[in-house]
Amino acid sequence: MMDLKQLISEQRLHHIDMRRDLHRIPETGFKEQKTSAYVARCLREEGLRVRTGVAQTGVVGLLETGTPGPCLLIRADMDGLPIREETGLTFASIHEQTMHACGHDGHMAMALGAARILNRLKHTFKGSIKFLFQPSEEGPGGASAMIEAGVMEDPHVDYAVGCHLWPGIRKGDIGVRAGPFMAAMDRFDITIKGKGGHGAMPHQCVDALDTAVQVINALHRIVSRQMDPLMPTVVTVGSFHAGTAFNIIPAEARICGTTRTFDREIWKSWPVRIETIVSGVCRSMGANYELTYGPGIPPLINDTSMATVVRECAEVVVGPQQVIQPEPTMGGEDMAFYLERSQGCFFFLGTGYEGCASLHSPQFDIDEDVLPSGVEMFCRIALKLL
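The rules behind these values
- Residues numbered from 1 in each chain as written.
- Predicted model: local features only at pLDDT ≥ 70, side-chain atom pairs only at ≥ 80, totals over all residues.
- Heavy atoms only, no water.
- Helix = DSSP H or I, 4+ residues; strand = E, 2+ residues; numbered from the N terminus.
- Rg over C-alpha atoms; globule rule 2.2 N^0.38 Å.
- Buried < 20%, exposed > 50% of the residue type's maximum accessible area, 1.4 Å probe, protein only.
- Contact = heavy atoms within 4.5 Å.
- Areas by Shrake-Rupley, 256 points an atom, 1.4 Å probe, with all protein chains shown as cover.
- Lys, Arg positive; Asp, Glu negative; His and termini not counted.
- Charge placed at Lys NZ, Arg CZ, Asp CG, Glu CD.
- 1 Å grid on protein atoms, 1.4 Å probe; cavity = no way out; pocket = protein on both sides within 12 Å on 5 of 7 lines; lining within 4 Å.
- Points joined across faces, edges and corners; volume = space filled by probe spheres on them.
- Nonpolar A, V, L, I, M, F, W, Y, C, P; charged D, E, K, R; others polar.
- Phe/Tyr/Trp six-rings, centres within 6.5 Å; stacked < 30°, edge-to-face > 60°.
- Core = buried A, V, L, I, M, F, W, Y, C linked by side-chain atoms within 4.5 Å.
- Pairing = 2+ DSSP bridges.
- Axes fitted to C-alpha atoms, helices over the stretch in contact; angles between N-to-C directions.
- Expected span 1.5 Å × (residues − 1).
- Bend = angle between axes of the 7 residues up to and from the residue.
- Polar contact = N/O pair within 3.5 Å; in protein donor to acceptor, adjacent residues only side chain to side chain.

A. Up close: the overall build of the protein chain. A count of helices and strands for the protein chain gives 10 helices and 16 strands. Computed over its C-alpha atoms, the radius of gyration of the protein chain comes to 23 Å, within 12% of the 21 Å expected for a compact globule of 386 residues. The dimensions of the protein chain, computed from C-alpha atoms along their principal axes, are 80 × 45 × 40 Å. Counting all 386 residues of the protein chain, 55% fall into the buried class. If you take every contact in the protein chain between residues at least 6 apart in sequence, the share linking residues at least 24 apart comes to 81%. Accessible area for the protein chain stands at about 16500 Å²; split by element, carbon and sulfur atoms hold 50% of it. In the protein chain, the 36 positive side-chain charges and the 45 negative ones have mean positions that sit 2 Å from each other.

B. Seen up close, the environment of Glu340. Here Glu340 shows up in the loop between helix 9 (336-339) and strand 16 (343-352). A residue is classified by how much of its surface remains accessible, and Glu340, at 37% relative accessible area, is partly exposed. Not counting the four nearest positions on each side in its chain, Glu340 is found in contact with Arg264 and Pro298.

C. Inspection of the layout of surface pockets at higher detail. By volume, the largest pocket amounts to about 380 Å³. Around the largest pocket, the lining is made up of 24 residues, and of these Pro140, Met185, Arg187, Gly296 and Ile297 lie nearest the centre. Grouping the constituent residues of the lining of the largest pocket by class yields seven nonpolar, 11 polar and six charged. Put simply, the second largest pocket is a space of about 280 Å³.

D. Focus on the packing of aromatic side chains. Using the criterion set out here, one finds four aromatic pairs in the structure. Here the aromatic rings of Phe181 and Phe348 are separated by 4.6 Å at their centres, their planes lie at 40°, and the arrangement is tilted. Residue Phe181 is located in strand 7 (residues 179-182), and its partner Phe348 is located in strand 16; the two are separated by 167 residues in the primary sequence. Phe181 sits in the buried class, given a relative accessible area of 0%. Seen from their ring centres, Phe346 and Phe348 are 6.3 Å apart, and the 80° between their planes marks the pair as edge-to-face. Residue classification places Phe346 among the buried residues on the basis of a relative accessible area of 0%. For Phe348, a relative accessible area of 1% gives the class buried. Connected via pairs of aromatic rings, a cluster forms that spans Trp166, Phe181, Phe346 and Phe348.

E. Spatial organisation of the nonpolar core. Within the largest apolar cluster, 68 residues are counted, with the highest numbers of intra-cluster contacts made by Leu118, Phe131, Phe133 and Phe347. Dropping the residues within four chain positions of it, Phe347 is found in contact with Val161, Gly162, Cys163, His164, Ile174, Gly175, Val176, Phe181, Val310, Met377, Phe378 and Ile381. Formed by 27 residues, the second largest nonpolar core is a distinct cluster that contains Ala218, Ala253, Val281 and Tyr293.

F. Up close: the sheet that holds strand 10 (residues 233-242). Pairing is antiparallel in the open sheet, where four strands are placed in the order 10-12-8-13. In this open sheet, the two edge strands, each paired with only one partner strand, are strand 10 and strand 13 (288-297). Within this sheet the neighbouring strands show an average axis-to-axis angle of 15°, counted without direction. Note that strand 8 (residues 184-193) and strand 12 (residues 252-261) share 10 bridges and pair antiparallel. Looking at the pairing, Phe188 lines up with Gly257 of strand 12. Lying over the sheet, helix 6 (residues 208-226) contacts strand 8, strand 10 and strand 12, oriented at roughly 170° with respect to strand 10. Taken strand by strand, helix 7 (residues 264-285) contacts strand 8, strand 10, strand 12 and strand 13, and its axis lies near 170° from that of strand 13.

G. Structural detail: the sheet that holds strand 15 (residues 323-324). Strand order in the open sheet formed by eight strands is 1-2-4-3-5-16-6-15, and the pairing between neighbours is mixed. Two strands in the sheet have a free side with no partner beyond their single neighbour: strand 1 (49-54) and strand 15.

H. Local environment of helix 6. The terminal C-alpha atoms of helix 6 lie 26 Å apart, and with 19 residues this matches the ideal 27 Å at 1.5 Å per residue to within 8%. The sharpest bend along helix 6 comes to roughly 30°, located at His220. Within the span of helix 6, buried status applies to Ala208, Thr211, Ala212, Val215, Ile216, Ala218, Leu219 and Ile222. For helix 6, the elements touching its buried residues are strand 8, strand 10, strand 12 and helix 7. Measuring from the side-chain oxygen of the N-cap residue of helix 6 to the backbone nitrogen of Leu209 gives 2.9 Å; that N-cap residue is Asp207.

I. Region of interest: the environment of Gly257. Mapped onto the elements of the fold, Gly257 is located in strand 12. Residues Gly257 and Val237 lie 20 residues apart in sequence; the distance between their C-alpha atoms is 4.1 Å. Setting aside residues no more than four positions away along its own chain, Gly257 makes contact with Asp186, Arg187, Phe188, Thr236, Val237 and Gly238.

J. Molecular detail of the side chain of Thr329. You can see Thr329 is positioned in the loop between strand 15 and helix 9. Looking at Thr329, its side chain comes within polar contact range of the main-chain nitrogen of Gly331, at 3.1 Å. Those residues in contact with Thr329 that lie beyond four places of it in its chain are Trp166, Phe181, Met182, Ala183, Phe262 and Phe348.

Structure representation (structure tokens):
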């Protein structure tokens with residue numbers, strides 16, 4: 001343990017090289033062929049037992065100590081976003097319309113770096129570590145597919161940990177929070193079906209556009225009139241399409257949106273709430289509808305005891321003054337699925353600086369100086385638990 005920082009420091013350039021290699025080859029969800037091949041090669045070079053093709057493109061590397069003990073899962077996400085990169089980096093994406101704009105290249109580099117270090121230290125702990133590289137965190141959702149493929153068993157996962165590089169936190173700070181941390185995230189799609197006609201003769205029509213507007217307004221009032229104001233909730237309509245010309249009343253309108261909450265009971269109530277509003281408005285307007293509500297991601301809730309372990313490790317890595325308790329975020333993260341099935345904690349590693357780009361921006365980049373802290377966090381958590 002005394003030599004851990006030195007071991008990681010000696011590997012710093014290797015971590016940066018891996019991050020840049022991965023940044024060059026971003027691929028979207030369930031298409032991470034080059035990425036998974038790169039990850040698998042790195043894990044095999046360390047002598048780990050590697051399983052590929054998990055949930056299509058996922059990779060799992062198993063580090064076994066040979067001594068019975070618990071199993072820790074260290075998770076990194078692999079997918080990029082359908083964004084044209086505008087960073088001007090010398091190692092920018094070679095795929096014109098795809099970019100690592102959410103830090104997943106850094107997440108993979110930190111997990112791979114930890115695999116190399118911990119493999120050299122495996123005589124100092126017991127049990128096993130699963131290094132899980134997950135496809136499609138950005139959508140349509142890779143965690144549940146990985147779990148269905150059996151990644152939580154053989155051996156059974158006792159603990160799970162993950163990290164997100166976060167520009168909303170000052171560079172080098174580590175954010176740890178027990179309890180609800182990231183919101184449940186669902187999607188709804190609504191098609192309103194009316195009767196189209198001439199814009200000068202609305203009495204002969206059932207206006208799908210007007211009906212959809214009233215549906216949207218009613219949906220937005222769920223938060224202001226149905227929810228406890230002390231319970232953070234969000235209903236957002238992000239897409240609305242209707243009509244083809246200025247003088248035609250449209251027969252159809254399409255709405256797409258998302259809901260967010262930290263509360264499991266509210267999360268379970270969304271489908272009925274939304275169906276009640278859509279059916280009521282449409283019935284009053286004489287329209288029909290089709291509603292698809294897709295339960296997406298549950299709330300991400302950090303185990304209190306695991307959050308304590310992560311916080312203690314963070315205080316060693318960066319010092320107590322740089323360990324913060326961040327506010328919960330309405331962003332969703334499918335790490336939540338692993339935390340439902342094990343004792344786990346998801347934490348933030350700050351990459352923020354003045355003028356830095358936000359996540360999912362074509363200008364997004366990370367400061368690579370924080371990568372060693374992420375590697376050290378994974379290593380210290382593993383050594384403390386195992």
